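# Overview (structure and organization)
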Amino acid sequence: MPFVNIAVAGASLTKPQKQRLFEETTRLMAEVMHKKASLTAVRIDEYPAENWGIAGAAVSATKHPAVHTDIKVTAGTNTDAEKAEMIRLGMAMLKDAVGTTPEASYIVIHDLDAGAWGYNGRTQKARAQKKTKTKAA
């Protein structure tokens, strides 16, 4: 169950742009990170350009929207190569969707302990333990 938060400053995304980001992010999480598309959550946040700074100046001074993407996955479920490919393809997707971005636009992949997060009221660790018990039975 990955959770992806895409933050954008200096651009007002259209509904088609947002839909494309939802679809493409989910596709990349499935194809590159091997996550279930049905459990991939994507949130898009938009910020005024004057609320986001790079190199000591508001993004509006760069004339290009800034992006930042946080991806949360369970620790140990992806290789360094998969993460590197997600960052590479994810940035290409963002630039294609929103246009040229400043170099200081980041994608961060957070490896979270399986006991520290989950969905539908259960941690990832509890889900994994249930699968193990079910297979053993």
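Just so it is clear, the model here is predicted, and its values are computed rather than measured. (Residues numbered from 1 in each chain as written. Predicted model: local features only at pLDDT ≥ 70, side-chain atom pairs only at ≥ 80, totals over all residues. Heavy atoms only, no water.)

### Observations concerning the overall build of the chain
To keep it simple, the criterion reads: Elements are defined by DSSP. Helices are runs of H or I of four residues or more, strands are runs of E of two residues or more, and each kind is numbered from the N terminus. Buried means the residue's accessible area, taken with a 1.4 Å probe over protein chains only, is under 20% of the maximum for its type, while exposed means over 50%, and partly exposed covers the values in between. Between two residues, a contact is recorded if the distance between any of their heavy atoms is within 4.5 Å. Note on areas: Shrake-Rupley, 1.4 Å probe, and residue coverage restricted to the protein chains presented here. Neither His nor the chain ends is counted toward charge; the positive residues are Lys and Arg and the negative residues Asp and Glu. Where a charge sits is defined by one atom per residue type, namely NZ (Lys), CZ (Arg), CG (Asp) or CD (Glu).
The number of helices and strands found in the chain is three helices and eight strands. Shown N-terminal to C-terminal, the secondary structure of the chain runs as helices and strands in the order β-α-β-β-β-β-α-β-β-β-α. With the C-alpha coordinates aligned to their principal axes, the bounding extent of the chain is approximately 60 × 30 × 30 Å. A total of 137 residues make up the chain; the buried ones form 36% of that total. Intrachain contacts of the chain at a sequence separation of at least 6 include 75% that bridge at least 24 residues. On the chain, roughly 7900 Å² of surface is accessible, and the fraction owed to carbon and sulfur atoms is 54%. Distance between charge centres in the chain, computed from 19 positive and 14 negative side chains, equals 10 Å.

### Digging into the pairing of strand β1 (residues 3-9)
Working note: regular strand, side chains alternate between the two faces of the sheet. Stated precisely, the cut-off is as follows: Pairs of strands are assigned from DSSP output, requiring at least two bridges between the strands.
Buried residues dominate β1, accounting for six of its seven residues. Both β1 and strand β2 (residues 41-47) contribute to a ladder of seven bridges, which runs parallel. Directly across from Asn-5, in β2, lies its bridge partner Arg-43. Where β1 meets strand β5 (residues 66-74), seven bridges bridge the pair, whose relative direction is antiparallel. Bridge assignment links Ala-9 to a residue of β5, and that residue is Ala-66.

### Overview of helix α2 (residues 80-98)
For an α-helix, 3.6 residues make a turn, and residues three or four places apart therefore share a direction. Which entries qualify depends on this criterion: Expected span, for any helix, means 1.5 Å times one less than how many residues it has. What the arc covers is the set of directions going from the helix axis to the C-beta atoms.
The end-to-end C-alpha separation of α2 is 27 Å, in line with the 27 Å expected for 19 residues at 1.5 Å each. Within α2, burial applies to Glu-82, Lys-83, Met-86, Gly-90, Met-91, Met-93, Leu-94, Ala-97 and Val-98. End-on view of α2: buried residues confined to an arc of 165°, all on one side of the axis. Among the exposed residues of α2, those pointing more than 90 degrees away from its buried face are Ala-81 and Arg-88. Where α2 is buried, its residues contact β1, α1 (15-31), β5 and β6 (106-112).

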